[in-house]
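Summary of the model geometry
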Amino acid sequence: MSVMTATAAGRRELSISGRSGIPFTRLLRLEARKLIDTRSGRWLMITIALLTAGLLAAVITFSESREELTFGSLIGATTLVQAVLYPVMGILAMTAEFSQRTGLVTFTVEPRRTRVVAAKLVAASGWAVVGLALAVGFAALGHLLAVQFRDVPAQWHAENSVLAGLVLLQVLSVVQGVAFGLLFSSPALAIVAFFGLPTVWTILGSVIGRLDRYATWLDLVRASGPVGEGHMSGQAWAHLATASTVWVLMPLVIGSWWLTRREIS
């Protein structure tokens, strides 16, 4: 009886004295720093900034329409590059654990792997919002230059619904990138799948008439269109929710499930 009591007491002592998990805020700061600490992450950020500045300069220099040089129109131009490249940041954020073989350390320090995924999602989304704010700053600078050098009247109005829609699309695309990186593990494979699979579905939906009615619900590009324009009806929200479930939520859930069961080497 004494042995059993001692054993039970020892077990309780071990359970009580066990280390608690890493605070999520610390994990979040770590994942946010990892996004720009790596060479690929830094160069991706630099590339996005350079391409955004180059595209803005081209629009200001060669545009013949004053409507294209308003503040709102330039926001659409500066966020175009980010819409294409920021999801790659989400892919690299997740696949780096496997391609650079840091997963063993990461998931040893924090065995609850879904918390790491959650931290990567929040960190990547945070950087996406920061990037969008910088894009708005680029647009403001571009409009100021257009007013000074292209004799464009100052038009600083930008609809709040459009800005909110851009934030939603930016975060949604980055989360989709993380989900595809989680599902495919390989950076090259995840990037090809991210850009290839939705494109193939878009082409099939436009070519095959029988698929067109389903493409309205399952084509994320088509469903995202009204969001960026700031005109969302109830049916448009339903289209976006359905397409996001297929292209964002399902890869994220399946990838998370597989991550919790696979061996990390």
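Each remark here, short or long, concerns the structure printed above.
Worth saying up front: this structure is predicted, and the values here are computed from it rather than measured.

Here we take up the pattern of salt bridges. In this structure the tally under the stated criterion is seven salt bridges. With a shortest N-O distance of 2.7 Å, Lys 34 and Glu 97 are connected by a salt bridge. On the criterion of sequence distance, the pair formed by Lys 34 in helix H2 (residues 24–37) and Glu 97 in helix H4 (residues 71–99) is long-range, its members being 63 residues apart. Owing to a relative accessible area of 1%, Glu 97 belongs among the buried residues under this scheme. Here the salt bridges share partners, and the residues they tie into one network are Glu 31, Lys 34, Glu 97 and Lys 120.

To continue, consider the packing of H2 against helix H6 (residues 113–149). For any two helices packed against each other, one specifies the inter-axial angle together with the distance between the axes. Packing of H2 against H6 leaves a shortest axis separation of 8 Å and a crossing angle of 55 degrees. When the interaxial angle is binned, H2 and H6 end up oblique. In terms of crossing hand, the pair formed by H2 and H6 is right-handed. Contacts from Phe 24, Leu 27, Leu 28, Glu 31, Ala 32, Lys 34, Leu 35 and Ile 36 of H2 reach H6 at Arg 115, Val 116, Ala 118, Ala 119, Lys 120, Val 122, Ala 123, Ala 124 and Trp 127. For the contact of H2 with H6, the residue count by class is 13 nonpolar, no polar and four charged.

Moving on, we get to the side chain of Thr 106. Along the polypeptide, Thr 106 turns up in helix H5 (residues 103–109). The contacts of Thr 106, once residues within four sequence positions are left out, are Glu 31, Lys 34, Glu 97 and Val 116.

So, how was this worked out
- Residues numbered from 1 in each chain as written.
- Predicted model: local features only at pLDDT ≥ 70, side-chain atom pairs only at ≥ 80, totals over all residues.
- Heavy atoms only, no water.
- Salt bridge = Lys/Arg side-chain N within 4 Å of Asp/Glu carboxyl O.
- Helix = DSSP H or I, 4+ residues; strand = E, 2+ residues; numbered from the N terminus.
- Buried < 20%, exposed > 50% of the residue type's maximum accessible area, 1.4 Å probe, protein only.
- Axes fitted to C-alpha atoms, helices over the stretch in contact; angles between N-to-C directions.
- Parallel < 35°, antiparallel > 145°, perpendicular 65-115°, else oblique.
- Left-handed = near helix turned anticlockwise from the far one by under 90°.
- Contact = heavy atoms within 4.5 Å.
- Nonpolar A, V, L, I, M, F, W, Y, C, P; charged D, E, K, R; others polar.

That's the geometry; what it means functionally is another story.
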